[in-house]
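# Working through the structure, step by step
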Amino acid sequence: MMKHIVIIPCAGTGSRFNAPIAKQYLPLLDKTVLDWTLQTFINLKMINEIYVICQRDDSYIDDYISRYPNVNFLRLGGITRTETVRNALEHIELEDNDWVLVHDAARCCIDHRDVEQLLIQLKNHEIGGILASKATDTLKQVDADGNIVKTIDRTVIYQAQTPQMFRSHILMSGLDYCREKNITITDEASAVEALGSKVSVVESLYSNPKITYPDDLLFAASILASRL
Ligand SMILES: Nc1ccn([C@@H]2O[C@H](COP(=O)(O)OP(=O)(O)OP(=O)(O)O)[C@@H](O)[C@H]2O)c(=O)n1
Ligand SMILES: C[C@](O)(CO)[C@H](O)COP(=O)(O)O
C-alpha cells in the first residue's frame, strides 16, 4: 500500500537567528518550535510515518524522543539541508511511488488545512509539488551596486514553502542528478525541476513562515495564538 511519509529536516544550527540554541528548540507560547511542527503532522490521519532528522551530537532531541514514541528520530543530519534530506531518504525503506513530504522543522505554523489541500490536490500526480504563497510585494531585481535593474512581474511569482511532496523515486533521482552535476539547491523542488519534470504549486492559504530571524518567532507566536 502506498505510504505518505514526512521527513522533517531538524539539523540546522540557526546561524541567522543567532540564539544560544538551535531555533527549532526555542520556546514558542506553551511549547517549542519543533513541538508545533510535529503536532500538525501527528494529527493528520493520512500521514503514515514521521521522521525527524537531527545532528548526530544533538542533545536537545532526547526530550522529544521520550515525548513522541510514534515519531522516528534519526541522527543523520548533514552539512547542508539537502544532505540531511538525502541521508534520511537513503535510510528509510520506501517504494518508488510512496509520497515523501519534506517539511522544515522551522516552519512551525504549518496549518493542517494546507497540508490536506496539498495531499488532495496531488493525490493522482505522477511527480509532486510544493506549498507556496503568492508574492504580494512589488519585486525588484538589483545589480551589484544595489540599483534596481528591473521590476519583476509579481503575478507569476510564488514563494516556495514546505511541505514539498514528491514520489520517492523521483525525488531521489533529482537529488542524485544535482549531486552528480554539482548543482547547489535550497529546496527539493529544485532537484526535481533539474530533471526537467513539472512540479505543481499548491497555494498556501494560511501563514506558514520559516523561522529564520528573531522577529519571525514573534510573528509565529501571533499566528499560532490567533488559531487557539
Ligand atoms: N544542515 C542542515 C541545515 C538546515 N536544516 C534544517 O532545514 C530547515 C530550514 O533551514 P534553515 O532555516 O536554513 O535552518 P538553519 O540552517 O538552521 O538556519 P541558518 O541557515 O540561519 O543557519 C531547518 O528546519 C533546519 O533545521 C537541516 O536539517 N540540516
Ligand atoms: C525549503 C525552503 O524552506 C523553501 O523556501 C527554503 O529553501 C529553505 O532555505 P534555508 O536557507 O535552508 O532556510
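- Taking an unreviewed UniProt entry as the reference, the chain is identified by name as 2-C-methyl-D-erythritol 4-phosphate cytidylyltransferase belonging to Aquella oligotrophica.
- Regarding the chain, the UniProt comment filed under Pathway (unreviewed entry) reads as follows: "Isoprenoid biosynthesis; isopentenyl diphosphate biosynthesis via DXP pathway; isopentenyl diphosphate from 1-deoxy-D-xylulose 5-phosphate: step 2/6."

### A few points about the environment of valine 156
- Of note, valine 156 is situated in the loop between strand S9 (148–152) and strand S10 (158–167).
- Residue valine 156 is classed as exposed on the basis of its relative accessible area, which comes to 59%.
- The spacing of valine 156 and glycine 78 is 78 residues in sequence and 33 Å in space, taken between C-alpha atoms.

### Brief notes about the site of ligand 1
- Looking at ligand 1, there are 19 residues lining it, with Gly14, Ser15, Arg16, Lys23 and Thr84 nearest.
- Glycine 12 is positioned such that a nitrogen or oxygen atom in its backbone is 3.0 Å from an oxygen atom of ligand 1.
- In this structure, a nitrogen atom belonging to ligand 1 sits 3.2 Å away from a main-chain N or O atom of isoleucine 79.
- Alone, ligand 1 offers 560 Å² of accessible surface; in the complex the protein occludes 89% of this.

### Points about the UniProt feature "site: Transition state stabilizer" (unreviewed entry) in the chain
- When the UniProt feature table is mapped to this numbering, "site: Transition state stabilizer" (unreviewed entry) covers Arg16 and Lys23.
- By the secondary structure assignment, arginine 16 is in the loop between strand S1 (4–9) and strand S2 (27–28).
- Aside from chain neighbours lying at most four places away, what touches arginine 16 is Lys210, Thr212, Tyr213 and Pro214.
- Relative to the helices and strands, lysine 23 resides in the loop between S1 and S2.
- Looking at lysine 23, the relative accessible area reads 12%, which means it is buried.
- When residues no more than four places from it in sequence are discounted, the contact partners of lysine 23 are Gly14, Phe17, Val33, Ala106, Ile211 and Thr212.

### Some remarks on the packing of aromatic side chains
- Tallied over the entire structure, the rule returns three aromatic pairs.
- With a centroid separation of 5.4 Å and 20° between ring planes, the pair formed by tyrosine 25 and tyrosine 60 is classed as stacked. Of this pair, tyrosine 25 sits in the loop between S1 and S2 while tyrosine 60 sits in the loop between strand S4 (49–53) and helix H2 (61–67), and the two are 35 residues apart along the sequence.
- Overall, the relative accessible area of 6% leaves tyrosine 25 in the buried class.
- Judged by centre distance (6.4 Å) and plane angle (10°), the ring pair of tyrosine 64 and tyrosine 68 falls under stacked.
- Ring pairs connect the aromatic residues Tyr25, Tyr60, Tyr64 and Tyr68, which therefore count as one cluster.
- Across from the ring centre of tryptophan 36, 4.1 Å away, lies the NZ or CZ of lysine 31, which sits over that ring.

### Observations regarding the site of ligand 2
- Arg16, Arg81, Asp104, Arg107, Ala160, Thr162, Thr186, Asp187 and Lys210 make up every residue found near ligand 2.
- In this structure, arginine 107 approaches ligand 2 through a side-chain N or O atom, which is 3.0 Å from an oxygen atom.
- Within the side chain of lysine 210, one N or O atom sits 2.7 Å away from an oxygen atom of ligand 2.

### Overview of the sheet that holds strand S7 (residues 128–134)
- Here we have seven strands laid out as an open sheet, ordered S5-S4-S1-S6-S10-S7-S11, and mixed in their pairing. This sheet does not close on itself; its edge strands, each paired only once, are strand S5 (72–74) and strand S11 (200–203). Looking at each pair of strands side by side, their axes are set apart by 25° on average, direction ignored.
- Docked against the sheet, helix H1 (residues 33–42) engages S1, S4 and S10, running at close to 175° with respect to S1.
- In the packing of helix H5 (residues 168–180) onto the sheet, the strands contacted are strand S6 (99–102) and S10, and the crossing angle to S10 comes to about 115°.

Rules used in this analysis
Residues numbered from 1 in each chain as written. Chains lettered and ligands numbered in written order. Predicted model: local features only at pLDDT ≥ 70, side-chain atom pairs only at ≥ 80, totals over all residues. Heavy atoms only, no water. UniProt positions renumbered as here; feature names shortened; annotations may be inferred. Helix = DSSP H or I, 4+ residues; strand = E, 2+ residues; numbered from the N terminus. Buried < 20%, exposed > 50% of the residue type's maximum accessible area, 1.4 Å probe, protein only. Near = heavy atom within 4 Å. Polar contact = N/O pair within 3.5 Å; in protein donor to acceptor, adjacent residues only side chain to side chain. Areas by Shrake-Rupley, 256 points an atom, 1.4 Å probe, with all protein chains shown as cover. Contact = heavy atoms within 4.5 Å. Phe/Tyr/Trp six-rings, centres within 6.5 Å; stacked < 30°, edge-to-face > 60°. Lys NZ or Arg CZ within 6 Å of the ring centre and 35° of its normal. Pairing = 2+ DSSP bridges. Axes fitted to C-alpha atoms, helices over the stretch in contact; angles between N-to-C directions.

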